[in-house]
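Residues per chain are reported as follows:
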Amino acid sequence: MRRVEGYVIVSADGMLADSQHRMPDSIRYDADQQFFQSSLDQAAAIIHGRHSHEGGPRADRRKRLVVTRRIAVLGPDPDYPNALFWNPQGATFEQALEALGASDGMVAIIGGSEVFTMFLPLYDSFHLSRAGQAHIPGGLSPFTESGTPEDVLRRHGLKPGPRRDLDAAADLSVTTWTR
């Protein structure tokens, strides 16, 4: 059985990166990274765009699809033997997962904005972490649609669960939205 889950951390003003597509240090927290990495350890596949990546000590061992328009269909990623480049215009989601050898299990979507938006109709759950003390003026939203991240998730039929503090002193929390 497949589950599609999104993972993002945003600033108090709802941004995931600065205008240069870089995640600023102001939204990097050990507690969020622990939550994120332990979640990715359970993923059958990770999907992200060319500018997004999860890093960490186990990144090269994880199966991943890198969404890009630079290829026609599917192709190997020369930097990661467990990864494929995927153009959704040339191959379906199912075809890409099959080629990756990850047709069952949890699929983790980790950004960027176009990738998060592409999967809005498919999320079983979306984990929205919020760094309540950080602000990224002029930053990038996790979705290409207008509105706060919560507004976008709500419009697509997801409902918030309880807020869970990851680091109360830093006003860092996560809310899991589900269908």
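## Section: the overall build of the protein chain
- Along the protein chain, the regular secondary structure elements total 4 helices and 9 strands.
- N-terminal to C-terminal, the α/β element order of the protein chain is β-α-β-β-β-β-α-β-α-β-α-β-β.
- Radius of gyration (C-alpha) of the protein chain: 16 Å, near the 16 Å computed for a compact globule of 179 residues.
- In the protein chain, which comprises 179 residues, the proportion classed as buried is 49%.
- Taking all contacts inside the protein chain whose residues are at least 6 apart in sequence as the whole, residues at least 24 apart take part in 59%.
- Summing over all exposed atoms, the protein chain offers an accessible surface of approximately 9000 Å²; the carbon and sulfur share of this is 50%.
- Each charge class in the protein chain can be summarised by its mean position, and for the 19 positive and 22 negative side chains these summaries are 3 Å apart.

## Quick notes on the sheet that holds strand β3 (residues 64-67)
- With mixed pairing, 9 strands are arranged side by side in an open sheet as β4-β5-β3-β2-β6-β1-β7-β9-β8. Each edge of the open sheet carries a strand with a single partner, namely β4 (74-76) and β8 (159-167). With direction set aside, neighbouring strand axes in the sheet form an average angle of 25°.
- Pairing of strand β1 (residues 2-11) with strand β7 (residues 125-131), which is carried by 7 bridges, proceeds in the parallel orientation. Paired with Y7 across the strands is H127, a residue of β7.
- Sheet strands touched by helix α1 (residues 30-40): β1, β2 (43-49), β6 (105-109), β7, β8 and β9 (172-178). Its angle to β8, the strand with the most contacts, is close to 125°.

## Here we look at the environment of T144
- Mapped onto the fold, T144 is located in the loop between β7 and α4 (149-155).
- When its relative accessible area of 53% is taken as the criterion, T144 is described as exposed.
- Counting along the chain gives 32 residues from T144 to G112, while the straight-line C-alpha distance between them is 9.6 Å.

## Some thoughts on the packing of aromatic side chains
- Applying the stated rule across the entire model yields 9 aromatic pairs.
- Between W86 and F119, the aromatic rings sit 6.5 Å apart at their centres with planes inclined by 55°, giving tilted as the arrangement. Of the two residues, W86 is situated in strand β5 (residues 83-86) and F119 in the loop between α3 (113-118) and β7; the sequence distance between them amounts to 33 residues. Per residue, the accessibility class of W86 equals that of F119, and both read buried.
- Clustering of aromatic rings is evident, with ring pairs tying together F116, Y123, F126 and F143.

## Notes on the pattern of salt bridges
- Under the definition given, this model contains 11 salt bridges.
- The closest approach of N and O atoms between D165 and R163, which form a salt bridge, is 3.2 Å.
- With relative accessibility at 44%, the residue D165 sits in the partly exposed group.
- One connected set of salt bridges, linked through shared partners, spans R163, D165 and D171.

## Digging into helix α2 (residues 93-100)
- Listing the buried residues of α2 in full gives F93, A96, L97 and L100. Seen end-on, α2 carries its buried residues on one side only, within an arc spanning 95°.
- Considering only its buried residues, α2 is in contact with β1, β2, β3, β4, β5 and β6.
- Trailing α2 by a residue or two, G101 shows a phi angle of about 80°, which is positive.

The rules behind the values
- Residues numbered from 1 in each chain as written.
- Predicted model: local features only at pLDDT ≥ 70, side-chain atom pairs only at ≥ 80, totals over all residues.
- Heavy atoms only, no water.
- Helix = DSSP H or I, 4+ residues; strand = E, 2+ residues; numbered from the N terminus.
- Rg over C-alpha atoms; globule rule 2.2 N^0.38 Å.
- Buried < 20%, exposed > 50% of the residue type's maximum accessible area, 1.4 Å probe, protein only.
- Contact = heavy atoms within 4.5 Å.
- Areas by Shrake-Rupley, 256 points an atom, 1.4 Å probe, with all protein chains shown as cover.
- Lys, Arg positive; Asp, Glu negative; His and termini not counted.
- Charge placed at Lys NZ, Arg CZ, Asp CG, Glu CD.
- Pairing = 2+ DSSP bridges.
- Axes fitted to C-alpha atoms, helices over the stretch in contact; angles between N-to-C directions.
- Phe/Tyr/Trp six-rings, centres within 6.5 Å; stacked < 30°, edge-to-face > 60°.
- Salt bridge = Lys/Arg side-chain N within 4 Å of Asp/Glu carboxyl O.
- Arc of directions from axis to C-beta.

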